[in-house]
Amino acid sequence: MDTIAQKLFKAARGAKALVRFTAANPKFSLGAGYQVQEELQGLHLADGEKLVGYKMGMTSKAKMEQMGLKDPIRGFLTDRMEIKHGGAFSLAGHIHPKAEPEIAFILKSDLKGAPSLEEALASVGEVCVALEIIDSRYENFDFQLPDVVADNCSSSGFVLGSVRKKVSQLDLANIPMEMKIDGKTHQSGNSSAILGHPGRSLAELARMLDERGQFLPKGAIVLAGGATAAVRLEAGTKVSVETQGLGTAEFTVTK
Ligand code: OOG
Ligand code: MG
């Protein structure tokens, strides 16, 4: 019998959606969800992937409303998930992927314990804009918090923009962002949508990892969470996020 983590790993590799686990087992808890995520991380690493960072989810009202959930959650990122700026993402091998605009941090020093916003920002080397690709392994993106946490918070891919800035060069709490499909705006947002300041998401992530005896290492990439609702990907389109002051990130969607 496969464990829940093995089922989720196979669902992702086989692009075949599952029914959420809380449907059959309403007692499946958030703590159990994080244990499954840890096992799932082990399966990815055993498959040759490298851990490159972490992501936060459900850190904006737009995302909470779209998904009907309201507590921040965290997941892990591996090198296999990264798509280069301007690169291609293939729908083949995925279930029902969507993209959302985010702010990303790249750390210049370890971030441990439960930092304040200022302490968290002091560990940031570079900031860039990002697009996250999410592809829930559950039918219709229908899940409760324990399910989505077990499924590594729907993580599937991410694209980092090529413009890198220091925290001191930006007003991080006010970066206007537009997500466009083929140049046409589909979602408009602002970095302020992410917990009022995306650095709060970074501080919260450090705190959440600290609770489990972990920390954010130097060099880690951190996605702070979608600033707007996510948009379904269609083959043959170009997806971009354009900001004021932090450049763009984009990729094309192929069959
Ligand atoms: C869960 C992942 C949430 C975000 O940025 O809020 C997330 C989902 O929406 O499927 O990545
Ligand atoms: Mg996200």
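Just so we're clear, the structure is a prediction, and the values are computed from it rather than from any experiment.

Details of the overall build of the protein chain
Helices and strands together make up the secondary structure of the protein chain, namely seven helices and 12 strands. In summary, the protein chain has a C-alpha radius of gyration of 17 Å against a globular reference of 18 Å for 255 residues, a match within 12%. By sequence separation, contacts in the protein chain at least 24 residues apart represent 76% of the contacts at least 6 residues apart. On the protein chain, roughly 10800 Å² of surface is accessible, and the fraction owed to carbon and sulfur atoms is 49%. On the protein chain, the mean spot of the 30 positive side-chain charges and the mean spot of the 30 negative ones are 2 Å from each other.

Observations concerning the site of ligand 1
Around ligand 1, the surrounding shell holds 17 residues, and the nearest of these are Met 58, Lys 63, Glu 100, Ser 154 and Gly 226. Here an oxygen atom of ligand 1 and a backbone polar atom of Met 58 are 2.7 Å apart. The contact in question runs from an oxygen atom of ligand 1 to an N or O atom on the side chain of Glu 132, over 3.0 Å. Bound to the protein, ligand 1 loses 100% of the 320 Å² it would expose on its own.

Quick word on the packing of aromatic side chains
Scanning the entire structure with this criterion turns up five aromatic pairs. Ring geometry for Phe 89 versus Phe 251: centroids 6.3 Å apart, planes at 75°, classification edge-to-face. Of this pair, Phe 89 sits in strand 3 (residues 88-90) while Phe 251 sits in strand 12 (residues 248-254), and the two are 162 residues apart along the sequence. Joined through ring pairs, the aromatic side chains of Phe 21, Phe 28, Tyr 138, Phe 141 and Phe 143 make up one cluster. The ring of Phe 141 has Lys 98 sitting right over it, with the charged end atom 4.0 Å from the ring centre. The ring of Phe 215 has Lys 112 lying over it, and the distance from NZ or CZ to the ring centre is 4.5 Å.

A closer look at the coordination of the magnesium ion (ligand 2)
For the magnesium ion (ligand 2), the protein coordination sphere consists of Glu 100 (OE), Glu 102 (OE) and Glu 132 (OE), at 2.0 Å. Along the chain, the residues donating to the magnesium ion (ligand 2) are arranged with the sequence spacing E-x1-E-x29-E. Of this pair, Glu 100 sits in strand 4 (residues 98-107) while Glu 132 sits in strand 5 (residues 124-134), and the two are 32 residues apart along the sequence. Classification of Glu 100 by relative accessible area gives buried; the value is 3%.

Details of the sheet that holds strand 3
For sheets, the rule is that strands pair by backbone hydrogen bonds, running either parallel or antiparallel. Reading across from one edge, 3-12-11-7-8 is the order of the five strands in this open sheet, with mixed pairing throughout. The open sheet has two free edges, formed respectively by strand 3 and strand 8 (184-190), since each of these has just one partner strand. If you compare each strand with its neighbour and ignore which way they point, the axes differ by 20° on average. Taken together, the five bridges between strand 7 (residues 176-181) and strand 11 (residues 238-243) define a ladder with antiparallel strand orientation. Bridged to Met 177 within strand 11 is Thr 243.

Quick notes on the pattern of salt bridges
One side chain can pair with another of opposite charge once the charged atoms of both are near each other. What the rule picks out here adds up to 14 salt bridges. A salt bridge links Glu 49 to Arg 13; the shortest N-O distance between them is 2.7 Å. Placement of the pair is Glu 49 in the loop between helix 3 (30-46) and strand 1 (51-57) and Arg 13 in helix 1 (residues 4-14), with a sequence separation of 36 residues. Note that Lys 63 and Glu 100 form a salt bridge whose closest N and O atoms lie 2.7 Å from each other. Of this pair, Lys 63 sits in helix 4 (residues 61-67) while Glu 100 sits in strand 4, and the two are 37 residues apart along the sequence. The pair Lys 63 / Glu 100 is uniform in exposure class, with both members buried. Among the charged side chains, a network of salt bridges with common partners joins Arg 13, Asp 47 and Glu 49.

So, the pairing of strand 2 (residues 73-78)
Every regular strand shows the same layout, with side chains that alternate between the two sheet faces. Burial within strand 2 is extensive, with six of its six residues counted as buried. Where strand 1 meets strand 2, six bridges bridge the pair, whose relative direction is antiparallel. Bridge pairing links Met 56 to Arg 74 in strand 2.

Let's talk about the pairing of strand 7
As paired elements, strand 7 and strand 8 share six bridges and run antiparallel to each other. Considered in strand 8, the bridge of Met 179 is made with Gln 187. Hairpin geometry of strand 7 and strand 8 is characterised by an intervening segment of two residues between the two adjacent antiparallel strands and by a positive phi of about 50° at Asp 182.

What about the environment of Pro 198?
In this structure, Pro 198 sits in helix 7 (residues 198-211). Separated by 24 residues in sequence, Pro 198 and Asn 174 have C-alpha atoms that sit 9.8 Å apart. Excluding residues within four positions of it along the chain, Pro 198 makes contact with Ile 103, Phe 105, Leu 172, Ser 191 and Ala 224.

Rules used in this analysis
Residues numbered from 1 in each chain as written. Chains lettered and ligands numbered in written order. Predicted model: local features only at pLDDT ≥ 70, side-chain atom pairs only at ≥ 80, totals over all residues. Heavy atoms only, no water. Helix = DSSP H or I, 4+ residues; strand = E, 2+ residues; numbered from the N terminus. Rg over C-alpha atoms; globule rule 2.2 N^0.38 Å. Contact = heavy atoms within 4.5 Å. Areas by Shrake-Rupley, 256 points an atom, 1.4 Å probe, with all protein chains shown as cover. Lys, Arg positive; Asp, Glu negative; His and termini not counted. Charge placed at Lys NZ, Arg CZ, Asp CG, Glu CD. Near = heavy atom within 4 Å. Polar contact = N/O pair within 3.5 Å; in protein donor to acceptor, adjacent residues only side chain to side chain. Phe/Tyr/Trp six-rings, centres within 6.5 Å; stacked < 30°, edge-to-face > 60°. Lys NZ or Arg CZ within 6 Å of the ring centre and 35° of its normal. Donors = N, O, S within 2.8 Å, 3.2 Å for Na, K, Ca; no water. Buried < 20%, exposed > 50% of the residue type's maximum accessible area, 1.4 Å probe, protein only. Pairing = 2+ DSSP bridges. Axes fitted to C-alpha atoms, helices over the stretch in contact; angles between N-to-C directions. Salt bridge = Lys/Arg side-chain N within 4 Å of Asp/Glu carboxyl O.

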